[in-house]
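Coordinate inspection notes
Residue-level listing of the chains:
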Amino acid sequence: DTGVSQNPRHKITKRGQNVTFRCDPISEHNRLYWYRQTLGQGPEFLTYFQNEAQLEKSRLLSDRFSAERPKGSFSTLEIQRTEQGDSAMYLCASSLPAGEKLFFGSGTQLSVL
Amino acid sequence: QKEVEQNSGPLSVPEGAIASLNCTYSDRGSQSFFWYRQYSGKSPELIMSIYSNGDKEDGRFTAQLNKASQYVSLLIRDSQPSDSATYLCAVKIYNQGGKLIFGQGTELSVKP
């Protein structure tokens, strides 16, 4: 399978714990995006990378969220001190350079108890 | 005002009818427009893109763009039950880098 891969598919955690998600983009795609989606809403932009450089981070994103893409390949999204409001589907997408078609992974469903 | 707005629906049409989905956007710097389809529990997939005013047809799908009115629509002809999904409008804004801004989505239900 050469699509966008996200792990884990589901994560249940207790409030206050840290969680980390991983995204492996399509190999030739140098752009990688993170979005968050809650029920009944469209995907909300969180951040994106071009190669290893983080080009933009949503101003709505708190300091508890951090993303990395250390070698320009896979990316991780960490949420520290999780809150119940962080419960959502976290979607990763990738695209070709200046490409406009985003390919989405299956997402990681986070539930914070 | 949200940057991209859609009616959340649900929109219900009978099988074989034309489904019309609408989207408005607020930033006149918007340059590229996309329709994604999302089945329940699945991730979004691109079905149409449009960049200039007018209509663009692809099979049973037609995207329409009117930049003066800041309006983009998606028509689905001969709707099938398999078209039942949430349709997301997305916009790329010229001075906001490469990210897409999504609307909240319109849920479409096609009844047999």
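Not measured: the values here are computed from a predicted model.

Moving on, we get to the overall build of chain A. A count of helices and strands for chain A gives zero helices and 11 strands. Its helices and strands taken in sequence order, chain A reads β-β-β-β-β-β-β-β-β-β-β from the N to the C terminus. Expected size for 113 residues packed as a compact globule is a radius of gyration near 13 Å; at 13 Å, chain A falls within 12% of this value. Over its C-alpha atoms, taken along the principal directions, chain A stretches across nearly 40 × 25 × 25 Å. Relative to its full complement of 113 residues, chain A shows a buried share of 48%. The long-range fraction of contacts in chain A, counting pairs at least 24 apart against all pairs at least 6 apart in sequence, stands at 53%. Of the roughly 5900 Å² of accessible surface on chain A, a fraction of 46% belongs to carbon and sulfur atoms. Computed over 14 positive and 12 negative side-chain charges, the separation of the two mean positions in chain A equals 5 Å.

Moving on, we come to the pairing of strand β6 (residues 54-58) of chain B. Residue and element names in this part refer to chain B. When β6 meets strand β7 (residues 61-66), the two strands line up antiparallel, connected through five bridges. Across the sheet, residue K56 finds its bridge partner in β7, namely A63. Connecting β6 to the next strand, β7, in antiparallel fashion are two residues, including G59 with a positive phi near 65 degrees.

What follows deals with the interface of chain A and chain B. When the parts of a complex come together, some accessible area is lost, and that lost area is often used as the size of the interface. Facing 18 residues of chain A, the contacting portion of chain B comprises 19 residues. Regarding the contact of chain A and chain B, the summed buried area is about 1500 Å², with carbon and sulfur atoms giving 51% of it. Counting the surface chain A buries against chain B, the share from its top three residues, P43(A), E100(A) and F104(A), is 35%. At the boundary of chain A and chain B, one finds one salt bridge. For E56(A), the salt bridge is made with K99(B), and the minimal N-O distance between the two is 2.6 Å. On inspection of chain A and its partner chain B, the count reaches six residue pairs in polar contact (both at pLDDT 80 or more). Broken down by element, the side of chain A that touches chain B gets its largest block of residues, four residues, from strand β4 (residues 31-37) of chain A. Of the residues contributing to the side of chain A that touches chain B, the split by class is eight nonpolar, six polar and four charged.

Per the counting criterion, the structure on display carries eight salt bridges over all chains. We note a salt bridge from E57(B) to R77(B), for which the minimum N-O separation is 3.4 Å. Remark: R77(B) occurs in the loop between β8 (71-76) and β9 (85-93) and E57(B) occurs in strand β6; sequence separation between them is 20 residues. Note on E57(B): relative accessible area 58%, which makes it exposed. Each member of the salt-bridge network shares a partner with another, and the members are R64(A), E83(A) and D86(A).

Residues and elements named next belong to chain B. The biggest cluster of nonpolar side chains holds 25 residues, and the ones touching the most others in it are F33, W35, V72, L74, I76, Y87 and L108. Where this core is concerned, the elements lending two or more residues are β3 (19-25), β4 (30-38), β5 (45-50), β7, β8, β9 and β11 (106-111). Counting residues per element, this core draws most heavily on β9, at five residues.

As a further point, take the sheet that holds β6(B). Two strands in a sheet stick together by hydrogen bonds in their backbones, pointing the same way (parallel) or opposite ways (antiparallel). All names here are of chain B. Ordered by their spatial adjacency, five strands build an open sheet running β1-β3-β8-β7-β6, and the pairing between neighbours is antiparallel. With partners counted over all chains shown, the strands left at the sheet margins are β1 (4-6) and β6, one partner each. Strand-to-strand, the axes of this sheet are offset by a mean angle of 20 degrees, without reference to chain direction. One ladder, built from six bridges, connects β7 with β8; its direction is antiparallel. Across the sheet, residue A63 finds its bridge partner in β8, namely L74.

The next subject is the environment of F49(A). Relative to the assigned elements, F49(A) resides in strand β5 (residues 44-50). Not counting chain neighbours up to four residues away, the residues in contact with F49(A) comprise N30(A), R31(A), L32(A), W34(A), Q54(A), L55(A), A67(A), E68(A), R69(A) and S75(A).

Residue and element names in this part refer to chain A. By the definition in use, this model includes two disulfides over all chains. Bridging C23 to C92, the disulfide has an S-S length of 1.9 Å. Disulfide C23 to C92: torsion about the S-S bond roughly -70 degrees, handedness left-handed. Pair noted here: C23 is in strand β3 (residues 19-24) and C92 is in strand β9 (residues 88-95), with a separation of 69 residues, a long-range link. The residues C23 and C92 share a single accessibility class, namely buried.

Calculation criteria
Counting restarts for each chain, with residues numbered from 1 along the sequence as it is written. Just so you know, chain letters begin at A and ligand numbers begin at 1, following the order they were written in. In keeping with the predicted nature of the model, local features appear solely for residues at pLDDT of at least 70, side-chain atom pairs appear and are counted solely at 80 or more, and the whole-chain, interface and lining totals rest on all residues. Calculated side-chain values reflect all of the structure's heavy atoms, with hydrogen atoms and water omitted. Under the scheme used here, helices are H or I runs from DSSP no shorter than 4 residues and strands are E runs no shorter than 2 residues, and both carry numbers assigned from the N terminus. Both definitions apply: the radius of gyration is a C-alpha atom measure, and the globule rule equals 2.2 Å times residues to the power 0.38. The buried label applies to any residue whose accessible area, calculated with a 1.4 Å probe on protein chains only, is under 20% of its type's maximum; exposed applies above 50%, and partly exposed to all values in between. Should any heavy atoms of two residues lie within 4.5 Å, those residues are considered in contact. In these tables, accessible area is a Shrake-Rupley quantity obtained with a 1.4 Å probe, and a residue counts as shielded only by the protein chains included in the view. Counted as positive: Lys and Arg. Counted as negative: Asp and Glu. His and the chain ends are not counted at all. Here the site of a charge means NZ on Lys, CZ on Arg, CG on Asp, or CD on Glu. When DSSP finds two or more bridges between a pair of strands, those strands are recorded as paired. Once two parts are brought into contact, the accessible area they lose, counted with a 1.4 Å probe and summed over both, makes up the buried area. For this document, the term salt bridge refers to a Lys or Arg side-chain nitrogen within 4 Å of an Asp or Glu carboxyl oxygen. Polar contacts, as counted here, are pairs of nitrogen or oxygen atoms within 3.5 Å of one another; within protein the pair requires one atom able to donate a hydrogen and one able to accept it, and residues that are adjacent in sequence qualify only if both atoms are side-chain atoms. Under the convention adopted here, Pro, Cys and the residues Ala, Val, Leu, Ile, Met, Phe, Trp and Tyr are nonpolar, Asp, Glu, Lys and Arg are charged, and Gly plus all remaining residues are polar. Buried Ala, Val, Leu, Ile, Met, Phe, Trp, Tyr and Cys residues form a nonpolar core when they are joined through side-chain atoms within 4.5 Å. The axes are straight lines fitted to the C-alpha atoms, using for helices just the contacting stretch, and the angles between their N-to-C directions are given from 0 to 180°. A pair of cysteine sulfur atoms is labelled a disulfide when the two atoms are within 2.5 Å.

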